[in-house]
Amino acid sequence: MNLVATFQDLVAQVPDLVQPLIVAVAAMVPFIEGEGGATIGILGGINPVVAAVAAMVGNFLAVAAVVLASAGARNAVVNRRRAKTRQRSAVLVGSGPAQATAGPSSPADDRRSARRAKFQRAYERYGVPGVSLLGPLLLPTHFTASMLVASGVGKARVLVWQAVAIIGWTTVTAVVASRLLNLVY
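Residues numbered from 1 in each chain as written. Predicted model: local features only at pLDDT ≥ 70, side-chain atom pairs only at ≥ 80, totals over all residues. Heavy atoms only, no water.

A. Fine view of the overall build of the protein. For the protein, the count of helices and strands is seven helices and zero strands. Going from N to C terminus, the protein has its helices and strands arranged as α-α-α-α-α-α-α. When burial is assessed residue by residue, the protein has 31% of its 185 residues classed as buried. (Helix = DSSP H or I, 4+ residues; strand = E, 2+ residues; numbered from the N terminus. Buried < 20%, exposed > 50% of the residue type's maximum accessible area, 1.4 Å probe, protein only.)

B. Broad picture of a positive patch on the surface. There is a patch of like positive charges on the surface, built from Arg 74, Arg 82, Arg 86 and Arg 116. With three residues, the single largest contributor to the positive patch is helix α4 (residues 48-92). Positionally, Arg 74 belongs in helix α4. (Patch = residues over 30% accessible without salt bridge, like charges linked within 9 Å, V, L, I, M, F, W, Y side chains within 5 Å. Areas by Shrake-Rupley, 256 points an atom, 1.4 Å probe, with all protein chains shown as cover. Salt bridge = Lys/Arg side-chain N within 4 Å of Asp/Glu carboxyl O. Lys, Arg positive; Asp, Glu negative; His and termini not counted. Charge placed at Lys NZ, Arg CZ, Asp CG, Glu CD.)

C. Looking closely at the confidence of the model for the protein. With 90% of its residues at a pLDDT of at least 70, the protein reaches an overall mean of 86. Element-level mean pLDDT values for the protein span from 78 in helix α5 (residues 107-134) up to 96 in helix α2 (residues 19-27). (pLDDT = per-residue confidence, 0-100.)

D. Broad picture of the nonpolar core. Grouped together as the largest cluster of nonpolar side chains are 33 residues, with contacts concentrated most on Phe 7, Val 11, Val 23, Ile 40, Val 67, Leu 148 and Val 158. Secondary-structure elements contributing two or more residues to this core are α1 (2-13), α2, α3 (33-43), α4, α5, α6 (141-150) and α7 (155-184). Top contributing element to this core by residue count: α4, with nine residues. Those residues within four positions of Val 67 in sequence are excluded, and the remaining contacts are Ala 145, Val 149, Lys 155, Val 158 and Leu 159. (Core = buried A, V, L, I, M, F, W, Y, C linked by side-chain atoms within 4.5 Å. Contact = heavy atoms within 4.5 Å.)

E. Representation of the packing of aromatic side chains in the model. Enumeration over the complete set of coordinates arrives at one aromatic pair. Between Phe 31 and Phe 143 the ring centres are 6.0 Å apart and the planes differ by 70 degrees, which places this aromatic pair in the edge-to-face class. Of this pair, Phe 31 sits in the loop between α2 and α3 while Phe 143 is found in helix α6, placing the two residues 112 residues apart along the sequence. (Phe/Tyr/Trp six-rings, centres within 6.5 Å; stacked < 30°, edge-to-face > 60°.)

F. Fine view of a nonpolar patch on the surface. Residues Phe 31, Tyr 126, Leu 133, Leu 134, Leu 137, Leu 138, Leu 139, Phe 143, Val 160 and Val 164 make up a contiguous nonpolar surface patch of about 990 Å² in total accessible area. Top element by residues in the nonpolar patch is α5. It accounts for three residues. By secondary structure assignment, the location of Leu 139 is in the loop between α5 and α6.

G. Molecular detail of the environment of Val 131. Relative to the helices and strands, Val 131 is located in helix α5. Residue Val 131 is classed as buried on the basis of its relative accessible area, which comes to 8%. Val 131 sits 14 residues away from Ala 145 along the chain, and the two C-alpha atoms are 9.0 Å apart. With sequence-adjacent residues up to four places away left out, Val 131 is seen in contact with Phe 119, Ala 122, Tyr 123, Tyr 126, Thr 144 and Leu 148.

H. Unusual backbone geometry, seen in detail. Of note in this structure, Phe 31 is not a glycine but carries a positive phi near 80 degrees. You will see that Glu 33, though not glycine, has its phi angle at about 55 degrees, which is positive.

I. The packing of α1 against α2, seen in detail. In the contact formed by α1 and α2, the axes pass within 9 Å of each other and the chain directions differ by 165 degrees. Looking at the two axes, α1 sits roughly antiparallel to α2. Of the two elements, α1 crosses α2, and the hand of that crossing is right-handed. Within the contact between the two elements, α1 uses Phe 7, Leu 10 and Val 11 and α2 uses Gln 19, Ile 22, Val 23, Val 25 and Ala 26. Residues belonging to the contact of α1 with α2 are distributed by class as follows: seven nonpolar, one polar and no charged. (Axes fitted to C-alpha atoms, helices over the stretch in contact; angles between N-to-C directions. Parallel < 35°, antiparallel > 145°, perpendicular 65-115°, else oblique. Left-handed = near helix turned anticlockwise from the far one by under 90°. Nonpolar A, V, L, I, M, F, W, Y, C, P; charged D, E, K, R; others polar.)

J. Geometry of the environment of Ile 32. If you trace the backbone, Ile 32 turns up in the loop between α2 and α3. A C-alpha to C-alpha distance of 9.7 Å links Ile 32 and Ala 55, two positions 23 residues apart in sequence. Once you skip the residues sitting within four places of it in the chain, Ile 32 turns out to touch Leu 3, Val 4, Phe 7, Ala 26, Gly 37 and Ile 40.

Structure below.
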């Protein structure tokens, strides 16, 4: 919560022209995101529309960077595995059947496998739109987007649905925050 308070104080201390930039930077942080960024801006006295748009832009830019980095990492891993598989196939041609050896799994591997299985079930049930739209209820959009890309979903499709989710959730949060602020004052 210190991070949220820091951003709120910073918004109050900088010139009006710089305030939306602070909101955008706050929205780039996982767990603050567009929803928190818009709320920080609205509580800091920024026009709710300006705060919401700045938060949406900041959150989307961060998610886009994560998606592009995740896609690059996935491509590198897939290409490396393909190259290793080709090398093994070339070596195994003419020899007996290959025997796979698997070592014992660690508790960390088991937890990762359980989380991945949970994500996979949600993905199979709701698809990219559902995971993108419902994901912010459980995880930051950064994590949801990277998991979608790691699962092999195309970058463009992930970015479109993440944009829809960011716009939707940030708009709802900005409306609620501005209405609550109007009730208080």
